[in-house]
Amino acid sequence: GAVYSPVYGLAGTLGGICLGLMLNLLLSYYASRIFRAPVARLLKRFGASLPDLSGLPAWKVILLVRITPGAPLMVQNLLLGLAAMPLRPYLIVSMAAEILIALGYLTAGHSFATGEWGLLPVGVALVLIVVLVASLLRDRMKVKKSGQ
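Residues numbered from 1 in each chain as written. Predicted model: local features only at pLDDT ≥ 70, side-chain atom pairs only at ≥ 80, totals over all residues. Heavy atoms only, no water.

**Student:** Please give an account of the nonpolar core that cites residues and values.
**Tutor:** Formed by 19 residues in total, the largest nonpolar core has its most connected members in Leu25, Ile62, Leu80, Met85 and Tyr90. Of all the elements in the fold, those that place two or more residues in this core are helix 1 (5–34), helix 3 (58–67) and helix 5 (87–114). Examining the composition of this core, we find that seven residues originate from one element, helix 5, more than from any other. In this structure, Leu80 is in contact with Val61, Ile62, Val65, Arg66, Met85 and Tyr90, ignoring residues within four places of it in sequence. (Core = buried A, V, L, I, M, F, W, Y, C linked by side-chain atoms within 4.5 Å. Buried < 20%, exposed > 50% of the residue type's maximum accessible area, 1.4 Å probe, protein only. Helix = DSSP H or I, 4+ residues; strand = E, 2+ residues; numbered from the N terminus. Contact = heavy atoms within 4.5 Å.)

What follows is the structure in structure tokens.
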């Protein structure tokens, strides 16, 4: 963002990020689906299996994986592909979560590159909002799980 946004503008840079992210999501989704059967066979050999998440709402699983801090995007993509998440919710929820985070980083980077310090709080706020929502969702899911 700091390199390209002064040249191509914030909207152009975000568009490039969206395109790259969509390509990344599609390639990793289909690659991990190809490896689902061999991974399942390997786990079966060791007495384990892939988790069955079919009873859970796909969008909640995808959102939880996407906003959990620490796991790189590649690992998240692999986990969601191996979990056999449906493609449409996978793309919609993944793009929404990742674009919010990317927009926060892009805005903060743009403010550093151009000296427009008024944008820095906006970028930091976007990232913090995503982290806060992630924390609230995890807490809510824990309360629901313990209440059942």
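**Student:** Can you tell me about the packing of aromatic side chains, naming the residues and giving the values?
**Tutor:** The tally for this structure, following the rule as stated, stands at two aromatic pairs. Ring geometry for Tyr29 against Tyr30: centres 5.3 Å apart, planes inclined by 85°, an arrangement best described as edge-to-face. Classification of Tyr30 by relative accessible area gives partly exposed; the value is 46%. On the numbers, 4.7 Å between centres and 35° between planes, the contact of Tyr29 with Tyr90 is tilted. In this pair, Tyr29 sits in helix 1 while Tyr90 sits in helix 5, placing the two residues 61 residues apart along the sequence. Each member of the pair, Tyr29 together with Tyr90, is buried. Taken together through their ring pairs, the aromatic side chains of Tyr29, Tyr30 and Tyr90 make up a single cluster. (Phe/Tyr/Trp six-rings, centres within 6.5 Å; stacked < 30°, edge-to-face > 60°.)

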